[in-house]
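Given next are the chains, with one letter for each unit.
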Amino acid sequence: MAPALIVFVLLLAVGTPVAVVMAMAGVAGSYSIGGEQMISIIADRMFAGVSGYMLIAVPYFIFTAELMNQGGLTQKLITFNNALLGRIRGALSHVNVTVSIFFAGLTGAAITDTVALGKILIPAMKKQGYDAEYAAAITACSSIIGPIIPPSVVMVVYATILRDTSVIDLFAGGIIPGLLMALSLLVMSFVLSWMRGYPKQDPTPVRVAVIAFFSALPALIVPVIILGGILTGMTTVTEASGFAAVYALAIGFLFYRNLTWRKVWTALVTTVRFSGVVFFLLAASAVLSWFVTRSGIARDAAELITTVSDVGFIQLMMVCVLLILVGTVIDVLPALVVVGPVLVPAMINLGFDPLHFAILMIVTLNIANVTPPVGMTLMTAAQIARVPYERAIVASLPFYLSFITVIVLLALFPALSTWIPSLIR
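Residues numbered from 1 in each chain as written. Predicted model: local features only at pLDDT ≥ 70, side-chain atom pairs only at ≥ 80, totals over all residues. Heavy atoms only, no water.

Enquirer: What exactly am I supposed to notice about the packing of aromatic side chains here?
Expert: All chains considered together, the criterion is met by eight aromatic pairs. Put simply, the rings of Tyr130, Tyr134, Tyr198 and Phe399 pair up and form one aromatic cluster. (Phe/Tyr/Trp six-rings, centres within 6.5 Å; stacked < 30°, edge-to-face > 60°.)

Enquirer: I tried to follow the side chain of Ser417 on my own but got confused; where do I start?
Expert: With respect to the helices and strands, the residue Ser417 is situated in helix 22 (residues 415-424). Given the relative accessible area of 1%, Ser417 is considered buried. (Helix = DSSP H or I, 4+ residues; strand = E, 2+ residues; numbered from the N terminus. Buried < 20%, exposed > 50% of the residue type's maximum accessible area, 1.4 Å probe, protein only.)

Enquirer: I tried to follow the pattern of salt bridges on my own but got confused; where do I start?
Expert: Oppositely charged side chains can pair when the atoms bearing their charge come close. Counted according to the given criterion, the structure contains one salt bridge. In this structure, Glu133 and Arg391 form a salt bridge, with 2.7 Å as the shortest nitrogen-oxygen distance. Of the two residues, Glu133 is situated in helix 9 (residues 132-143) and Arg391 in helix 21 (residues 389-412); the sequence distance between them amounts to 258 residues. (Salt bridge = Lys/Arg side-chain N within 4 Å of Asp/Glu carboxyl O.)

Enquirer: Explanation requested: the environment of Asn82 in the structure shown.
Expert: Tracing the chain through its elements places Asn82 in helix 6 (residues 73-85). Exposure remark for Asn82: the relative accessible area of 19% places this residue in the buried category. As a C-alpha pair, Asn82 and Thr204 span 122 residues in sequence and 8.4 Å in three-dimensional space. In this structure Asn82 touches Leu92, Val95, Gln201 and Thr204, once residues within four positions along its chain are discounted. (Contact = heavy atoms within 4.5 Å.)

Enquirer: What is the right way to read helix 5 (residues 57-70) from this model?
Expert: For an α-helix the count is 3.6 residues per turn, leaving residues at separations of three or four pointing the same way. Its 14 residues give helix 5 an end-to-end C-alpha distance of 20 Å, which sits within 8% of 20 Å, the value for a rise of 1.5 Å per residue. What helix 5 keeps buried is the set Ala57, Val58, Phe61, Ile62, Phe63, Thr64, Ala65, Glu66, Leu67, Met68 and Asn69. Once helix 5 finishes, Gly72 follows within two positions and takes phi at roughly 85°, a positive value. (Expected span 1.5 Å × (residues − 1).)

Enquirer: Help me out: how do you make sense of the packing of helix 19 (residues 354-366) against helix 21 in this one?
Expert: For any two helices packed against each other, one specifies the crossing angle of their axes together with the interaxial distance. Where helix 19 contacts helix 21, the two axes come as close as 10 Å, and the packing angle between them is 175°. Taken as axis vectors, helix 19 and helix 21 run roughly antiparallel relative to one another. Of the residues in helix 21, those in contact with His356, Leu360, Val363 and Thr364 of helix 19 are Ile407, Leu410 and Ala411. The residue inventory of the contact of helix 19 with helix 21, partitioned by class, reads five nonpolar, two polar and no charged. (Axes fitted to C-alpha atoms, helices over the stretch in contact; angles between N-to-C directions. Parallel < 35°, antiparallel > 145°, perpendicular 65-115°, else oblique. Nonpolar A, V, L, I, M, F, W, Y, C, P; charged D, E, K, R; others polar.)

Enquirer: I'm lost on the packing of helix 9 against helix 21 in this one. Help?
Expert: Interaxial distance between helix 9 and helix 21 falls to 8 Å at its minimum, and their mutual angle equals 45°. Classified by the angle their axes make, helix 9 and helix 21 are oblique. Taken as a pair, helix 9 and helix 21 cross one another with a handedness that is right-handed. Seen from helix 9, the contacting residues are Glu133, Tyr134, Ala136, Ala137, Ile138 and Cys141; seen from helix 21, they are Arg391, Ala392, Ala395, Ser396, Phe399 and Phe403. (Left-handed = near helix turned anticlockwise from the far one by under 90°.)

Enquirer: Teacher, can you tell me more about the side chain of His356 here?
Expert: If you trace the backbone, His356 turns up in helix 19. Only 2.7 Å separates the side chain of His356 from the backbone oxygen of Leu410, close enough to count as a polar contact. With residues up to four places along the chain from it excluded, the contact list for His356 reads Leu316, Leu410, Ala411, Pro414, Ser417 and Thr418. (Polar contact = N/O pair within 3.5 Å; in protein donor to acceptor, adjacent residues only side chain to side chain.)

Below you can see the structure in the form of C-alpha cells.
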C-alpha cells in the first residue's frame, strides 16, 4: 500500500492529471505486491474498465444534452418557469433552481447546466438588481442537481466501476434526493431574497403561461423518454439514451427549427471531448480499483471506521466529511473513481445498504462542484458573472447549509433513497 500512496500523493501534489495519477499509483501498488507479473495485466485491466456495454450511454446522454443546448431549449424552460414563479420575490433565483430540475432530466452533468443556464439567467439577474455574486452562487449550487436526478453520467460511471448496485436502481434512487436538494435550495433562496429585498415580477397572464408550457412541452418529454423507458423495463439504459438523442435531433430540426448541421457538429465535438475524459478516467480507475481489491485496503478501512464508533449514523457522517474534504481538491468523477473502490466495500462490510450508501456518496461528492478551491461549476459561474471567485464562494456559504441538511436527512432515513427502487423491482 505504501508505494501506491506515495506515488499518488507526489503526482497529485505536482499537478499531474488525476487519471495518470490513478494509473501510476495502481502500477506502483501492483508491483509492490506481485512484481513484474502483476504489471503484465495492467493493460488488460484498463481495457476491462472501458469495455462495459452500459458505457455506450455516456456519450449518448452527453450528445442529447448538447443538442438541447444548441437547439434553444434553455430559453424555453426559463420562459415557462418564469411564468410560474414570476410573482414570487426573488423570482429569477427560484426560476434558476426549478429550471435546473427540468434540465437535470436532460443533461446529467452539472457543468453543462451551469454554462447553459448561467449565460442567460446570470446577466438577467444582474440587470434586475441581484448581486452578481449571489447570481453566480445560486446558478452553481442549483446545477449540482443535474448529476443526482436521472439520467446521470456520474451514476452510469458508478454502476460501471462498482457493480454492487444497478444503474436502474441508482436512477430511481436519485429522484427523491434530487428533489430534496432542489426544495432546500428554494427555501434558502426565498429566505435570502426576502431578507435582501430582491425583486419580483408582474403576474403572468394565464394565456401566456399556457403558451409557454406548450412551447416547452416537446423538450420536457425527453426525461419521460429516458426514465419512462428505463424504469418500466421497456428499454435498457443504452437504448433509452440512443432514443433520446434521436428525439432531440428531431425536435431540434422539425419543431424548434433552431438546430443546424453546424450546431450538430459542435455538439458532436463537445461530446467526444467530454466522453474522452470520462473513459480515460475509467480506464485508469480500473487499475487502481484492481490494486485496492487485491491489497485489502477496503477491509482495513472498515476496521478503521469501527474503531472510532460503532453507531451507524456517526460512521456515515465520518465518511461524508471525508468525501467533502476529498471534493475540495478533486472534481466529482475523479473523486468517485478514487475513493469509491475503497469506501463502498468497506461500508457494505459494515452492514450498510449498497444503494443507500451509493446515493449518499453521489450526493455528497457532488458538493465538490461548488467546494473551493476546485469547485468547477462555482468557478465557471463566477466567470460568467464577472465577479472574483472569492466573492462567489462567500455568497454560496448559505447554500452549503441546505446541502448539509439534505445529507443528514439521507443518512438518517435510508428509505429516501431506497423507496422508489423498491417499487420497481
